[in-house]
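Survey of secondary and tertiary structure
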Amino acid sequence: MDYLKERCKTVVYSIPEKDWETLIDLIISKEKIFVYGSGRSGLIGQLFSVRLVQIGLKVHFVGDMTTPIISKNDLTILVSNTGQTTSVVQTAEIARRIGSHVVSLTSTPSSKLAAASDTVITLKLEKDEKDSELAPLGTIFEDTVLFFFDCIIPDLMKRLNVTEKDMRKKHAIWV
């Protein structure tokens with residue numbers, strides 16, 4: 001347990017403060033926000049999408065049946081550890097061609113996804129032999145992205161003047 005906590009803490013602290021601010025500014029300034037990732041990275045993206053909806057933003061997860069077309073005034077946030085996942089790279093290319101600002105979160109700054117993005121937030125994952133035993137198959141990346149996303153929610157709440165009470169009104173179970 002300590003291993004996972006320390007690894008994720010190190011990686012999240014490796015993200016420059018300007019990247020945190022850039023993402024927050026983009027989220028606030030765009031008309032709609034589209035989020036996408038494949039597999040477990042996609043699940044992390046979906047969790048973030050829910051939080052953004054609860055804050056009161058117009059958010060869509062790419063691939064859902066009700067997702068509208070991305071436009072030039074929108075933000076597209078993509079999550080991929082390797083930055084090579086075909087569906088994620090294709091989404092970046094399409095969104096960018098349309099004119100949406102594309103932000104990618106990846107551990108591979110030289111990846112196809114990074115090349116297709118306007119803004120790249122790199123998670124510096126130093127290779128550690130213990131990962132395969134104690135945090136297999138991208139666990140450090142996924143947990144760190146989730147932690148990063150959850151860390152910017154309070155800043156978004158503050159800047160948008162949204163309280164937990166406001167968010168509760170948009171909670172799926174109406175509590």
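Here the residue numbering is sequential within each chain, running from 1 through the sequence in written order. Owing to the predicted nature of the model, reporting of local features is limited to residues with pLDDT of at least 70; listing and counting of side-chain atom pairs is limited to 80 or more, with chain, interface and lining totals taken over all residues. To obtain the side-chain values, all non-hydrogen atoms of the structure were used and water was disregarded.

For the rest of this paragraph, the subject is the overall build of the protein chain. For the protein chain, the count of helices and strands is eight helices and five strands. Along the protein chain, from the amino end to the carboxyl end, the secondary structure elements read α-α-β-α-β-β-α-β-α-β-α-α-α. Per-residue burial for the protein chain yields a buried fraction of 45% across its 175 residues. In what follows, residue pairs with any heavy atoms lying within 4.5 Å of each other are defined as contacts. Pairs at least 24 residues apart make up 74% of the contacts formed inside the protein chain by residues separated by at least 6 positions. In this text, helices come from DSSP runs of H or I with a minimum length of four residues, and strands from runs of E with a minimum of two, each type numbered from the N-terminal end. Each residue's exposure class comes from its accessible area (1.4 Å probe, protein chains only) as a fraction of the maximum for that residue type: buried when under 20%, exposed when over 50%, partly exposed otherwise.

Even without a glycine there, the phi angle at Asn161 is positive, about 55°. With respect to the secondary-structure elements, Asn161 resides in the loop between helix 7 (139-160) and helix 8 (164-168).

The salt bridge definition used is simple: a Lys or Arg side-chain nitrogen within 4 Å of an Asp or Glu carboxyl oxygen. For the structure on display, the rule yields six salt bridges. The shortest N-O distance in the salt bridge between Arg159 and Asp25 comes to 2.7 Å. With a gap of 134 residues between them, Arg159 in helix 7 and Asp25 in helix 2 (residues 17-29) connect regions that are remote in the sequence. Taking the relative accessible area as the measure of exposure, Asp25 reaches 37% and is therefore partly exposed. Linked by salt bridges that have partners in common, Glu21, Asp25 and Arg159 make up one network.

Further remarks concern the packing of aromatic side chains. By convention, a stacked pair of Phe, Tyr or Trp rings (six-membered ring in the case of Trp) has centres within 6.5 Å and planes under 30 degrees apart, an edge-to-face pair has planes over 60 apart, and any other such pair is tilted. Under the defined criterion, the tally for this structure stands at four aromatic pairs. With centroids separated by 5.8 Å and ring planes inclined at 50°, the aromatic side chains of Tyr36 and Phe61 adopt a geometry described as tilted. Highlighted residues: Tyr36 in strand 1 (residues 33-37) and Phe61 in strand 2 (residues 59-61), separated in sequence by 25 residues. By the burial criterion, Tyr36 is buried, and Phe61 matches it. Between Phe148 and Phe149, the ring centres sit 6.0 Å apart and the planes meet at 40°, which makes this aromatic pair tilted. As far as the burial class goes, Phe148 and Phe149 line up, both buried. The rings of Trp20, Phe48, Phe148 and Phe149 are connected pair by pair, giving a single aromatic cluster.

What follows deals with the confidence of the model for the protein chain. Known as pLDDT, the predictor's per-residue confidence is scaled from 0 to 100. Within the protein chain, residue pLDDT values average 88, and 89% of them lie at 70 or more. Within the protein chain, no element has a lower average pLDDT than helix 6 (residues 131-134), which sits at 54, and none a higher one than strand 3 (residues 75-79), at 98.

Bringing the sheet that holds strand 3 into the picture now. By this definition, two strands are paired if DSSP reports at least two bridges between them. Taken together, the five strands give an open sheet; going across it, the order is 2-1-3-4-5, and neighbouring strands pair in parallel fashion. Looking at strand neighbours, the two that pair on one side only are strand 2 and strand 5 (119-122), the edges of this open sheet. Sheet twist, expressed as the average angle between the axes of neighbouring strands with direction ignored, equals 20°. Pairing of strand 3 with strand 4 (residues 101-106), which is carried by five bridges, proceeds in the parallel orientation. Its bridge partner lying in strand 4, Val79 is registered against Leu105. Lines fitted to C-alpha atoms define the axes here, with helix axes fitted over just the stretch in contact, and angles between the N-to-C directions of these axes take values from 0 to 180 degrees. On the sheet, helix 2 packs against strand 1, strand 3, strand 4 and strand 5 and is oriented at approximately 135° with respect to strand 5.

Next up on the list: the packing of helix 3 (residues 39-55) against helix 7. Look at helix 3 against helix 7: their axes get within 10 Å of each other, and the N-to-C directions meet at 10°. Compared by their axis directions, helix 3 and helix 7 come out roughly parallel. Of helix 7, the residues touching helix 3 (which contributes Arg40, Ser41, Ile44, Leu47, Phe48, Arg51, Leu52 and Ile55) are Thr139, Phe141, Glu142, Val145, Leu146, Phe149, Asp150, Ile152, Ile153, Leu156, Met157 and Leu160. Our angle categories are set so that under 35 degrees counts as roughly parallel, over 145 as roughly antiparallel, 65 to 115 as roughly perpendicular, and the remainder as oblique.

Bringing the side chain of Ser41 into the picture now. The residue Ser41 is located in helix 3 in this model. Residue Ser41 is classed as buried on the basis of its relative accessible area, which comes to 7%. Residues contacting Ser41, with those up to four places away along its chain left out, are Val79, Ser80, Asn81, Phe141 and Glu142.

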